[in-house]
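# Overview (structure and organization)
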Amino acid sequence: MVDYHEANSQLQQPNHGDYMQPEEDWDRDLLLDPAWERQQRKTFTAWCNSHLRKAGTQIEVIEEDFRDGLKLMLLLEVISGERLPKPERGKMRVHKINNVNKALDFIASKGVKLVSIGAEEIVDGNVKMTLGMIWTIILRFAIQDISVEETSAKEGLLLWCQRKTAPYKNVNVQNFHISWKDGLAFNALIHRHRPELIDYDKLRKDDPLTNLNNAFEVAETHLDIPKMLDAEDIVNTARPDEKAIMTYVSCFYHAFSGAQKAETAANRICKVLAVNQENEHLMEDYEKLASDLLEWIRQTKPWLENREPEKTMQAMQQKLEDFRDYRRVHKPPKVQEKCQLEINFNTLQTKLRLSNRPAFMPSEGKMVSDINNAWQGLEQAEKGYEEWLLNEIRRLERLDHLAEKFRQKATIHEDWTKDKEAMLTQKDYETATLADIKALLKKHEAFESDLAAHQDRVEQIAAIAQELNDLDYYDSPNVNARCQTICDHWDTLGSLTQSRRDALERTEKLQETIDQLYLEYAKRAAPFNNWMEGAMEDLQDMFIVHTTEEIQGLIAAHEQFKATLPDADKEREAILGIHNEMMKIAQSYNIKLSGVNPYTSITSQSINDKWDKVQQFVPARDQALQAEFNKQQSNEHLREQFANKANVVGPWIQTKMQEIGRISIEMHGTLEDQLNQLKQYESSIINYKPNIEKLEQDHQLIQEALIFDNKHTNYTMEHIRVGWEQLLTTIARTINEIENQILTRDAKGISQDQLNEFRSSFNHFDKKRTGLMDADDFRALLISTGYSLGEAEFARIMSIVAPNNTEEVSFQAFIDFMSRETTDTDTAEQVMASFKILAGDKSYITAEELRRELPPDQAEYCIARMAPYRGPDAVPGALDYMSFSTALYGESDL
C-alpha cells in the first residue's frame, strides 16, 4: 500500500500539526464515503485539464490517462516550466513504469519526499494512489508557494481568504469545507477583486445552489477557472472534501494573483513612460529657457558697454536711473531664470541617472558652462558700466559742488565784511575812558584775530575760482570778477585795521596814569574794607560760654583786637591819601573823570563811616564781656558748692549699700538680732534725708543758672536720687527677707542652727556675693547637702525655686525649698481628711457643721467659698469640701 498521507505531510510546516489530524479523520471517512472520492476525481481532473489544455490535450479518467506516464510528465512540464527527461514511447509495462518513475523523480527533486508511492500503483490504475499523487503535485506547485503575512501553504491560503472576505456579511471563513457550503465565500472572493461581475447584495445565505452555480459560472466565463465541482456535490455533502475545496480556491488565488501581476506590470510601464515624458519635457524647457536667457544677454550687453558721456548732470542721472531700473526690475527675473535653469538641469540629470537613462547633452552653446560664461561677461560689463556712471556723476557733481561752494563762501565773506569799513573809521576812542580804551583795544584785537582767520577763507575763495578755471567751468568770467572784488576790498580792510590800532594805542597812554591810581586805591581799599566789616561783625557777634576759661579767652582775643586799631587807622589815612592824589592829578591836567572807580565800588566816604562805627562798637564789647565774666564766676561757685556736698553723699550711699549687703549675708547673732540691726540702719538712713534735700536745693540753683556740666564731681543729681531710692528699697527688702525667714523658721520649726547652716552653705556657693545664685552654683549647693540629682530631678527643683525661668535662686527660695524637704507640711489630702472627720465620714459637709466645729470667721470663710455638693447622696445645703481642699493648694480652681 502507498502511504499517501506521508507524502502529503512532507510538504507541510512543522507547526501545522492541526492540519494533519483532519486528514487522518478524512482518510478513515474516505473509506466509508465514496462521495469524497468523486469530489476529488472531479476537482483534480478539472485542475489537471486547466494546465494540460495549454499543451493541447486533456484527460478524461484520471486513474487511466496517467497510467503510461506521458501525460503525467507533460503536466509536470507545464506547471513547472521545466523540461523533463525524454519519455519512452513503448507500450510495454516497463516503459510505462519508467515514464512514471521519471515523473516521480522530478517531484522528489522539488523537495517532496514520496513515501510508499511507487510507479507500479500508478501504472496499475490505483485510484487512491493516483489521487494522492495528484494532490501532492497540487500542494507543491499550487499551494506550497502561497505566502501571506509570514504564513504559507494551507495556512497562508486560509489567511488570504479571511483577509479578502472579512468585509462581507454572512461570510466567516474558518476552514476549507463547511465555510464554503453556502457559496457566499466564493462570490465574496470574486466580488472583492472583480466587483463588476457579481451583485453581491442580491445573494441569499439560504440559497446555496444559486450562490455556488453563480460563482462557478462567473469564474469559468470571466476568470478562466474551469468548473471543478458541481453545486450539488457541495450542498448534498455534510462536509465537502477539504482537498477539493483547497484545490478550487487555489485556482482563485492564482487567477487573482496573476491579474494583480499584470496590473503591476502595466503600472511599471506607465511609470517608466511617465518618467521618460517628464524628462523630455524638462529637456524642452531647458532648451527654451537657455535660448531666451542667452538672447537677453546678447541684447543687454551692448547697452552696458556704451560709454558715451552726457553733458548735463540731469542726463547722467537719468542714465543712472535706467541702470537702477535694470538692476531692480529687469535683471532679478533673469537671475531667477538662470538659477531655475541650473536647478532644472541638475534635477534632469539626477532623474536620468536614477532611471538608468543616459545624461542629457544640451544643444551646442547652451551648456550650463556656456550660460555661466555669458553671464559673467554680462556682469563684467555691468560692473564697468556702473563704475563709469559713478565716475561721470562724481565729475559733474564736483563741478557743481565747486561752483556752489564758491558762491556760498563768497556770500558769507561779503556778509561778514559788510559795515566793517564804517566800524574801522569811527572816532569813538576820543571821548572814552582808559577802561573804555582798553576794552576797545581788546575788541580791536579780537577783530584782528577774526580778520586773520578770514584770510584763509579769502584764499580758499581764490583757490576755488582757480580750480573752476582749470576745469573750464562755463561761468568762469563771473566767478573771476567776483573774486577780484573780494580781494580788493580785503586789502582796504587791512589798511584801515592798522590805522585804528595806532589811534587806540596813543589814547591808551594818556589814560594809564589815572587808571593806575584807581587800581592802587582799589587794591588797598578792598582788604581794609573787608577788615572793618569783619571787625564790626565780630564786635556785634553773640557769644555763649559755660566756663570762666571760655570767657577769659574771649576777653584776651578782644584785647588783641584793640591793640591793632592804631595800625588800622594809619592804613585808612594812606588809602584816603591815594584818593586825594588822584583828584589832584585830574584837576591839574583837566582830565574828565567818570566819578566812579572802575575797579571798586568802595568810596572814601564809606571807609570813614565804617571806621566811626568800629570806634563805637569797641567799648560796648568791653562791657558785654565783663558782665559775662562776672556771671561765669557765680556759676563756678554754684558748681563747687554742689560738688562738695555730692562728693560726700554719693560715697555715703554706696557705703550703706555695702553694709546692708554684708548684714544680709553674714550670720552674726540670731535673726532677731539681724532684724534689730537692720532697723537701726533704716533709722539712721532716714535721719540722713535732710542732706539729700539740701543737695536738691543746690541742684535747683544750678538748673536755674543753666549749668549743664560740673568738672568738680562725677555725681549728678540723678545718680544721687537713684542711689538714695535703691538704698531705701534695699533696706526695706532686706528687713522683709529677715522677717520672712523668722516666719519660715517659726512655721516650719527650723532651728537657728539650721538657718545658720543654710546661710553658711548658700554664702559658700554664692561666688559672686550678689545674694542670687545661678543654676550651676545651685546644683553644687544641692549636691553638697546630700542630694543625688539627675537632669529631670534638678529641672523639677529649679521649677520650684525659680518658677519664672529666671535661672537665679535667692536665699529665701532656698530656705523655702529646704523647709519643705526637711519638715512636715500639710497637704491637700490631709486637709481633706480633716474635713471628712468634721463631716462624720460623709462626702459633703453642711454649714451648721462648719459653724459648730470651726471659729466663726473661718467657718464663714469656708461657707462662702465651698461649691454646692452634686453627688448622688447630696442633701439640701450640702457643700463640696473635697474640691475646696484641692483648691486651697492650687491644684484646681475654687
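From a predicted model like this one, the values you see are computed outputs, not experimental measurements. (Residues numbered from 1 in each chain as written. Predicted model: local features only at pLDDT ≥ 70, side-chain atom pairs only at ≥ 80, totals over all residues. Heavy atoms only, no water.)

## Here's the deal with the overall build of the chain
What counts here: Numbered from the N terminus, helices here are DSSP runs of H or I no shorter than four residues, and strands are runs of E no shorter than two. Burial status follows relative accessibility: with a 1.4 Å probe on protein chains alone, a residue under 20% of its type maximum counts as buried, one over 50% as exposed, and anything between as partly exposed. To measure how exposed things are, a 1.4 Å probe is used in the Shrake-Rupley method; for residues, cover is taken only from the protein chains shown.
The secondary structure content of the chain amounts to 32 helices and six strands. Of all 894 residues assigned to the chain, the portion counted as buried reaches 40%. Here the chain has roughly 50100 Å² of accessible surface; of this, 50% comes from carbon and sulfur atoms.

## Side note on the nonpolar core
Filter applied, for reference: In this description, a nonpolar core means a group of buried Ala, Val, Leu, Ile, Met, Phe, Trp, Tyr and Cys residues linked to one another through side-chain atoms lying within 4.5 Å.
Ranked by internal contacts, the top residues of the largest apolar core, which has 79 residues, are W47, I137, W180 and I190. If you tally residues by element for this core, the top one is helix α8 (residues 127–143), at twelve residues. I653, L695, F778 and L782 belong to the second-largest nonpolar core, a separate cluster that totals 50 residues.

## What to know about the pattern of salt bridges
Rules: A side-chain nitrogen of Lys or Arg and a carboxyl oxygen of Asp or Glu constitute a salt bridge if their distance falls within 4 Å.
Applying the stated criterion across every chain, the model contains 44 salt bridges. Where K154 meets E242, a salt bridge forms, and the shortest distance between an N and an O atom there is 3.0 Å. Note that K154 is positioned in helix α9 (residues 153–165) and E242 in helix α13 (residues 242–305), a separation of 88 residues in sequence. We note a salt bridge from K202 to D199, for which the minimum N-O separation is 3.6 Å. The exposure class of D199 is partly exposed, given its relative accessible area of 40%.

## What to know about the packing of helix α3 (residues 34–52) against α8
For clarity, the threshold we go by: Helix axes are fitted to C-alpha atoms over the stretch in contact, other axes to C-alpha atoms as well, and angles between N-to-C directions run from 0 to 180 degrees. Orientation categories follow fixed angle ranges, with anything under 35 degrees roughly parallel, anything over 145 roughly antiparallel, 65 to 115 roughly perpendicular, and all other angles oblique. It is the rotation of the near helix from the far one that decides the hand of a crossing: anticlockwise by less than a right angle makes it left-handed, clockwise makes it right-handed. Any pair of residues with heavy atoms lying within 4.5 Å of one another is described as a contacting pair.
In contact at an axis separation of 11 Å, α3 and α8 are set at 50° when each is read in the N-to-C sense. Classified by the angle between their axes, α3 and α8 sit oblique to one another. Considering only the axes of α3 and α8, their crossing is left-handed. Residues E37, Q40, R41, F44, W47 and C48 of α3 lie in contact with α8, whose contacting residues are V127, L131, I134, W135, I137, I138 and A142.

## A closer look at the environment of D230
Mapped onto the fold, D230 is located in the loop between α11 (208–222) and α12 (231–235). Remark: the alpha-carbon pair of D230 and T43, spanning 187 residues in sequence, is separated by 9.5 Å. Other than its neighbours up to four places away in sequence, D230 contacts K42 and F216.

## Quick word on the packing of aromatic side chains
Quick reminder of the rule: When the centres of two rings from Phe, Tyr and Trp lie within 6.5 Å, Trp using its six-membered ring, the rings pair. Their planes under 30 degrees apart give stacked, over 60 give edge-to-face, and anything left gives tilted. Charge-over-ring placement is defined geometrically: NZ (Lys) or CZ (Arg) within 6 Å of the ring centre, and within 35 degrees of the ring normal.
A complete count under the given rule lists 27 aromatic pairs for this structure. Consider the rings of Y286 and F345, whose centres lie 5.5 Å apart with planes at 40°: the pair is tilted. Taken as a pair, Y286 in helix α13 and F345 in helix α14 (residues 313–354) lie far apart in primary sequence, 59 residues in all. According to the relative accessible area criterion, Y286 is buried, its value standing at 1%. For the ring pair W416 and W490, a centre distance of 6.4 Å and an interplane angle of 40° mean the geometry is tilted. With W416 in helix α15 (residues 368–417) and W490 in helix α18 (residues 476–540), this pair connects stretches of sequence that are 74 residues apart. No difference in accessibility class separates W416 from W490, as the two residues are buried. Taken together, F176, W180, F186, F216, Y248, F252 and F256 form an aromatic cluster joined through their ring pairs. If you follow K420 out to its NZ or CZ, it ends over the ring of W416, 4.8 Å from the centre.

## So, α15
Spacing of three or four residues puts side chains on the same side of an α-helix, whose turn is 3.6 residues. Here is the rule: Expected helix span is computed as 1.5 Å times (number of residues minus one).
When the terminal C-alpha atoms of α15 are compared, their 71 Å separation across 50 residues agrees well with the 74 Å that a helix rising 1.5 Å per residue should span. Count one or two residues on from α15 and you reach D419, which has phi positive near 70°.

## So, unusual backbone geometry
Non-glycine residue N170 carries a positive phi angle of around 65°. With respect to the element layout, N170 can be found in the loop between α9 and α10 (184–193). For N170, a relative accessible area of 46% translates into the label partly exposed.

## Concerning the environment of K181
Put simply, the test is: In protein, a polar contact means a hydrogen-donor-capable atom and an acceptor-capable atom, both N or O and within 3.5 Å, with residues adjacent in sequence counting only if both atoms are side-chain atoms; elsewhere, any N or O pair within 3.5 Å suffices.
By the element assignment, K181 lies in the loop between α9 and α10. Residue class for K181 comes out partly exposed when judged on its relative accessible area of 22%. Distance from K181 to P208, taken between C-alpha atoms, is 6.8 Å for residues 27 residues apart in sequence. Beyond its immediate stretch of four places on either side in the chain, K181 contacts P208, L212, I234, V235, T237, A238 and P240. Within the structure, the side chain of K181 is placed 2.9 Å from the backbone oxygen of T237, a separation counted as a polar contact.

## What about the side chain of H699?
With respect to the element layout, H699 can be found in helix α23 (residues 689–704). Given a relative accessible area of 15%, H699 falls into the buried group. Contacts of H699, omitting those with residues within four sequence positions, involve F642, M717 and R721.

## With respect to the side chain of K420
The following threshold applies: Only four residue types enter the tally: Lys and Arg on the positive side, Asp and Glu on the negative side; His and the chain ends are excluded.
With respect to the secondary-structure elements, K420 resides in helix α16 (residues 420–425). Of the side chains with opposite charge, D450 comes closest to the buried, unpaired K420, at an N-O distance of 6.1 Å. With sequence-adjacent residues up to four places away left out, K420 is seen in contact with F447 and L493.

## Quick look at the confidence of the model for the chain
Rules: pLDDT is a per-residue confidence score from the predictor, ranging from 0 to 100.
With 89% of its residues at a pLDDT of 70 or more, the chain has an overall mean of 81. pLDDT under 50 marks residues 1–32. Its contacts with residues more than four places away, or in other chains, come to 63 contacts.

## Quick word on the state of the cysteines
To keep things clear, this is the line we draw: For this text, the term disulfide refers to a pair of cysteine sulfurs within 2.5 Å.
Inspection of every chain in the model, using the stated rule, returns zero disulfides. Of all cysteine sulfurs, the one in C487 lies closest to C483, which takes part in no disulfide; the gap is 4.3 Å.

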